[in-house]
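This is what each chain is made of:
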Amino acid sequence: MKRTIWLPNVAVSHFSEATSDYERPEISGNEIGAGVQFSADAVQFGFCVYEGMRAYLDEDRYLVFRARDHHARLARSCAALHLPCPRYEVFLDAIRLAIETNYDAEARCLYLRPIVFAAAGGIMPGQEQAFTYAVLCTEMDLANSDIRVLVDSENLRTVPAFSEVKTAANYTSSALITQDAQKNGYDTVLWLDRDRYVKECTTMNVFLYIDGELMTPPVNGILSGVTRKTMIELMKEQGETVVEKDIHIDALVETLEAGALSYMFTTSTALGINKVTAVKHLGREYRIAGNGPAGLEAAIDRHRTVTRDFPVGLSSHRDIANSSYLGAV
């Protein structure tokens, strides 16, 4: 098999019609094989949902960060496409298998990709009841870099019905448009809704610091990011207020023209926490070169402590610890 970025062992669990539940996960190679049909609803009609998660390793211990939050979001995505969601115990068993069978003592940070998809199909969707849950993982460090953003004023990131869940089909058009933006020197796209309110960047939530107020779009109409949630909590610990607020693109442009937007950053499980240095809208580029809230750097340091330095950092963050999983290899 041709080598991919994914590590060789994939944890796989098939749905059993007899028990209406997922079977115990087992290790497989990264090959679908006879368990999935070419006619699968996932292939024909896009019936596939997934999560993006992080695991952090420290010698023989590992942390699956906010596993319960990710499972809850996966359940919402499955419900949106009428897919059966694995119970939390099965969800976690497969993640544990993927981490432990791919264990490398040198690795410190893994990216995890749990997937649920319809593995069979007929002429119309929903005619077959075969489903598969799988977990891939790869070694992938956080980017945490400066980025440049291009505003898309013509296209929606996805259809409104699926804007708050993580379906595979959501990412087709946004990926193609983001690739075009990258060819023109921008790292990602800032998406608007049909009323031209700021929503999110591709695979990233957005925070704006305008006239001394830190704000982020509310989760109605966007994916509820786990890193977004964590940073809001950590900012509040630093005495910073984060306001969830709808921001129209016209109002954002006015703040850019007036220099009132002093700082902008994005949060992403896959890509980390990134400072936005430029925004381009309708052919004009605006530079952002001010300072963020006083507590931002401390919150970012705390994020590093509860993830990379989890043996020490989790002790003072009970909510994060309770939603995470600690394992050993």
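Up top is the structure these notes are about.
Since we're looking at a predicted model, the values are computed, not measured. (Residues numbered from 1 in each chain as written. Predicted model: local features only at pLDDT ≥ 70, side-chain atom pairs only at ≥ 80, totals over all residues. Heavy atoms only, no water.)

### Looking at the overall build of the protein chain
Across its full length, the protein chain holds nine helices and 18 strands. The C-alpha atoms of the protein chain give 20 Å as radius of gyration, which agrees with the globular expectation for 329 residues (20 Å, within 12%). On the principal axes, the C-alpha backbone points of the protein chain span a range of 60 × 50 × 35 Å. Put simply, the protein chain has 329 residues, and 51% of those count as buried. (Helix = DSSP H or I, 4+ residues; strand = E, 2+ residues; numbered from the N terminus. Rg over C-alpha atoms; globule rule 2.2 N^0.38 Å. Buried < 20%, exposed > 50% of the residue type's maximum accessible area, 1.4 Å probe, protein only.)

### Observations concerning helix α7 (residues 296-307)
Taking 1.5 Å of rise per residue, the twelve residues of α7 would be expected to cover 16 Å, and the 17 Å separating its terminal C-alpha atoms lies within 8% of that figure. Looking only at α7, the buried set comprises Leu 296, Ala 299, Ile 300, His 303, Thr 305, Val 306 and Thr 307. (Expected span 1.5 Å × (residues − 1).)

### As for unusual backbone geometry
The residue Ser 20 is not glycine, and still its phi comes out positive at about 55 degrees. In this fold, Ser 20 is placed in the loop between β1 (10-16) and β2 (21-22). Look at Thr 203: it is not a glycine, yet its phi comes out positive at around 60 degrees. For Thr 203, a relative accessible area of 40% translates into the label partly exposed.

### Examining the environment of Val 49
Looking at the element boundaries, Val 49 is found in strand β4 (residues 48-50). Put simply, Val 49 and Val 64 are 15 residues apart on the chain and 19 Å apart in space, counted from C-alpha to C-alpha. Apart from residues lying up to four places away in sequence, Val 49 is in contact with Leu 74, Ser 77, Cys 78, Leu 81, Leu 83, Pro 114, Ile 115, Val 116, Lys 166, Thr 167 and Ala 168. (Contact = heavy atoms within 4.5 Å.)

### Focus: the packing of helix α5 (residues 226-237) against α7
Running from amino to carboxyl end, α5 crosses α7 at an angle of 125 degrees, the nearest separation of the two axes being 9 Å. Here α7 runs oblique to α5, going by the angle between their axes. Here α5 and α7 pass one another in a crossing that is right-handed. Mapping the contact onto sequence places Thr 227, Thr 230, Met 231, Leu 234 and Met 235 in α5 and Leu 296, Ala 299, Ile 300, Arg 302 and His 303 in α7. Residue composition of the contact of α5 with α7, by class: six nonpolar, three polar and one charged. (Axes fitted to C-alpha atoms, helices over the stretch in contact; angles between N-to-C directions. Parallel < 35°, antiparallel > 145°, perpendicular 65-115°, else oblique. Left-handed = near helix turned anticlockwise from the far one by under 90°. Nonpolar A, V, L, I, M, F, W, Y, C, P; charged D, E, K, R; others polar.)

### Observations concerning the packing of helix α2 (residues 67-80) against helix α3 (residues 88-101)
As a packed pair, α2 and α3 sit with axes 11 Å apart at the nearest point and diverge in direction by 120 degrees. Here α2 lies oblique to α3, going by the angle between them. The hand of the α2/α3 crossing is right-handed. For the pair formed by α2 and α3, the contact residues are Ala 67, Arg 68, His 70, His 71 and Leu 74 on the first element and Tyr 88, Phe 91 and Leu 92 on the second. Partitioned by chemical class, the residues of the contact of α2 with α3 number five nonpolar, two polar and one charged.

### Considerations on the pattern of salt bridges
The tally for this structure, following the rule as stated, stands at 18 salt bridges. Through salt bridges with shared partners, a single ionic network connects Arg 66, Asp 69, Lys 229 and Glu 233. (Salt bridge = Lys/Arg side-chain N within 4 Å of Asp/Glu carboxyl O.)

### Here's the deal with the state of the cysteines
One pass over the structure, following the stated rule, counts zero disulfides. Take Cys 78: it sits in no disulfide, and the sulfur closest to it among the cysteines is that of Cys 85, at 4.1 Å. Free cysteine: Cys 137, not disulfide-bonded; nearest cysteine sulfur from Cys 109 at 11 Å. The class of Cys 137 is buried, set by a relative accessible area of 0%. (Disulfide = S-S within 2.5 Å.)

### Structural notes on the nonpolar core
Side chains that are nonpolar tend, in soluble globular proteins, to be buried together. The biggest cluster of nonpolar side chains holds 32 residues, and the ones touching the most others in it are Val 64, Leu 83, Ile 95, Ile 99, Leu 112, Val 116 and Tyr 133. Put simply, the parts of the chain that give this core at least two residues each are β1, β5 (53-58), β6 (61-64), α2, α3, β7 (109-118) and β8 (131-139). Among the elements that take part in this core, α3 stands out by supplying eight residues, more than any other. Once you skip the residues sitting within four places of it in the chain, Val 64 turns out to touch Met 53, Arg 54, Ala 55, Ile 95, Ile 99, Leu 112, Ser 324 and Tyr 325. Core analysis: the second largest hydrophobic core is formed by 24 residues, Leu 190, Leu 192, Leu 208 and Tyr 286 among them. (Core = buried A, V, L, I, M, F, W, Y, C linked by side-chain atoms within 4.5 Å.)

### Here we look at α3
For α3, spanning 14 residues, the distance from its first C-alpha to its last is 20 Å, which sits close to the expected 20 Å at 1.5 Å a residue. Three or more residues of α3 are buried, namely Tyr 88, Val 90, Phe 91, Leu 92, Ala 94, Ile 95, Ala 98 and Ile 99.

### Brief notes about the environment of Met 231
Structurally, Met 231 can be placed in helix α5. According to the relative accessible area criterion, Met 231 is buried, its value standing at 1%. Beyond its immediate chain neighbours, meaning those up to four positions away, Met 231 contacts Thr 267, Ile 273, Leu 296, Ala 299, Ile 300 and His 303.

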